[in-house]
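Topology and contacts: notes
This is what each chain is made of:
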Amino acid sequence: VKVVLFGLLAGVYWLGNNRIASQPRRAGATAIAIVACGYAMVALGKGLFAAPRPPSATSPAMAPLWLSGPLAGWYEGQVIADGFGFPSGHATGAAAAYGALAVLATNVGSWRARAGGAGVIAIAVAVSRVIIEVHYLVDVVIGLILGGVVVAGGVRLAQRPWVRTELTSQSAMTPTPVFALAAVISGLAVVVAAAAGHGGQVAEAGIGVGTSVGGIIGWRFVAGDEPAVSWRLAVVAGVVTGSVWVGGYLIRSDPLVVIATTGVAVVGVMILPVLAKRHGLTSSSA
């Protein structure tokens, strides 16, 4: 799910226009920061509680007979999960991502419709994790609550404290403090996991550190009012930055490499609108 959300949020950040939000670059970057903060909380929670998953989560799985080839492999990967279970990363990530988009995409439909859609998707993701028996009910319930809290706190934190505006006015919004909070929580999660000897969780938390630091560094080069990038550039950039980020996610053996790799990928995501504007590769000029 992290890979899916990476692509979704990067696409919104790159391609968003005034039909989505009054300040699409600021709104998109803030959504990315909120999700980074959500996953940082998950990494910290898993390191602290080290709660096991249901026994069936690590049992061998057999795909239905009507699935074959890559689809069978995908199915088996979904119903087998390792690592700790509390809180659910899928539930937290879905609530944080779709909740953030519902709050920040102020020019898309009504607030009620956006909130309802986000809620349905997040709950569906959470329920699916219980149905396939890779999480207990408490894992996903707390995950949904945690994701909602992160959205509420992240949006407020992203607004400059000396400005009191409605969400429809996003000119004062900056993702930097949210990325900074995510970096601190992820760093704490690294320490907790390392002290407990949870190597896998050290790598998971390291992804959060890299993503958050990359967001802070990359946003320093962004004015926030850049136009959307062209579709062609977004596709190419998605393949490149996605491959780098997923590569860091899959390595896991060296936390420093994980942090550096994911950090570079997110820097690339952040600065793409700046490069597109500089070289005439925006949607208006494509």
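Up top you'll find the structure we're talking about.
Figured I'd write up the structure that's included with this text. (Residues numbered from 1 in each chain as written. Predicted model: local features only at pLDDT ≥ 70, side-chain atom pairs only at ≥ 80, totals over all residues. Heavy atoms only, no water.)

Here's the deal with the environment of Ser283
Condition: Under the DSSP-based scheme used, a helix requires at least four consecutive residues in state H or I and a strand at least two consecutive residues in state E, with every element numbered from the N terminus. Relative accessibility under 20% of the residue-type maximum defines a buried residue, over 50% an exposed one, and the middle range a partly exposed one, all with a 1.4 Å probe and only protein chains included. Residues are treated as being in contact if the distance between any of their heavy atoms lies within 4.5 Å.
Position of Ser283 relative to the elements: it lies in the segment after α10 (255-278). Accessibility expressed as a relative area gives 41% for Ser283, which makes it partly exposed. Expressed as a C-alpha distance, the spacing of Ser283 and Val229, which sit 54 residues apart in the sequence, is 5.0 Å. Each residue touching Ser283, except ones within four places of it in the same chain, is listed here: Ala228, Val229 and Ser230.

A look at the pattern of salt bridges
Applicable threshold: The term salt bridge refers to a pairing of a side-chain nitrogen on Lys or Arg with a carboxyl oxygen on Asp or Glu at a separation within 4 Å.
A complete count under the given rule lists 1 salt bridge for this structure. For Lys2, the salt bridge is made with Glu204, and the minimal N-O distance between the two is 2.6 Å. Placement of Lys2 in helix α1 (residues 2-15) and of Glu204 in helix α8 (residues 199-219) is noted, with a sequence separation of 202 residues between them. By the burial criterion, Lys2 is buried, and Glu204 matches it.

A word on the packing of aromatic side chains
Filter applied, for reference: Ring pairs are drawn from Phe, Tyr and Trp, using the six-membered ring of Trp, whenever the two centres fall within 6.5 Å, and their geometry is named by plane angle: stacked under 30 degrees, edge-to-face over 60, tilted for the rest. Whether a charge lies above a ring is judged from NZ of Lys or CZ of Arg, which has to be within 6 Å of the ring centre and within 35 degrees of the ring normal.
By the definition in use, this model includes 2 aromatic pairs. Here the aromatic rings of Phe6 and Trp245 are separated by 5.1 Å at their centres, their planes lie at 25°, and the arrangement is stacked. Taken as a pair, Phe6 in helix α1 and Trp245 in helix α9 (residues 231-251) lie far apart in primary sequence, 239 residues in all. Exposure remark for Phe6: the relative accessible area of 16% places this residue in the buried category. Where Phe49 meets Phe86, the ring centres are 5.2 Å apart and the plane angle is 90°; that geometry is what we call edge-to-face. Remark: Phe86 occurs in the loop between α3 (70-79) and α4 (89-104) and Phe49 occurs in helix α2 (residues 24-49); sequence separation between them is 37 residues. On the accessibility criterion, Phe49 (54% relative accessible area) is exposed. Judged by its relative accessible area of 17%, Phe86 falls in the buried class. Note that Lys2 overlies the ring of Tyr39, its terminal NZ or CZ placed 4.9 Å from the centroid.

A closer look at the environment of Ala196
Tracing the backbone shows Ala196 in helix α7 (residues 176-196). Once the C-alpha coordinates of Ala196 and Ala50 are considered, the two residues, 146 residues apart in sequence, prove to be 9.3 Å apart.

Quick look at a nonpolar patch on the surface
To be explicit about the condition: Residues form patches when they are more than 30% accessible in relative terms and have no salt bridge. Like charges link within 9 Å. Nonpolar side chains (Val, Leu, Ile, Met, Phe, Trp, Tyr) link within 5 Å. Every accessible area reported is derived by Shrake-Rupley at a probe size of 1.4 Å, with residue values counting cover from the shown protein chains alone.
Residues Tyr136, Leu137, Val138, Val141, Ile142, Ile145 and Val149 make up a contiguous nonpolar surface patch of about 610 Å² in total accessible area. Among the structural elements, Ile142 can be located in helix α6 (residues 137-158). Here Ile142 falls in the partly exposed class, since its relative accessible area comes to 32%.

Things to note about α2
Which entries qualify depends on this criterion: Expected span of a helix: the number of residues minus one, times 1.5 Å.
Its 26 residues give α2 an end-to-end C-alpha distance of 37 Å, which sits within 8% of 38 Å, the value for a rise of 1.5 Å per residue. Just beyond α2, the residue with positive phi is Ala50, at close to 45°.

Some points on unusual backbone geometry
Each neighbour pair has its own omega, and for Phe86 with Pro87 the value is -5°, a cis peptide bond. Its identity is not glycine, yet Ala50 carries a phi of approximately 45°, on the positive side. For Ala50, the location among the structural elements is in the loop between α2 and α3. Overall, Ala50 belongs to the partly exposed group, its relative accessible area being 28%.

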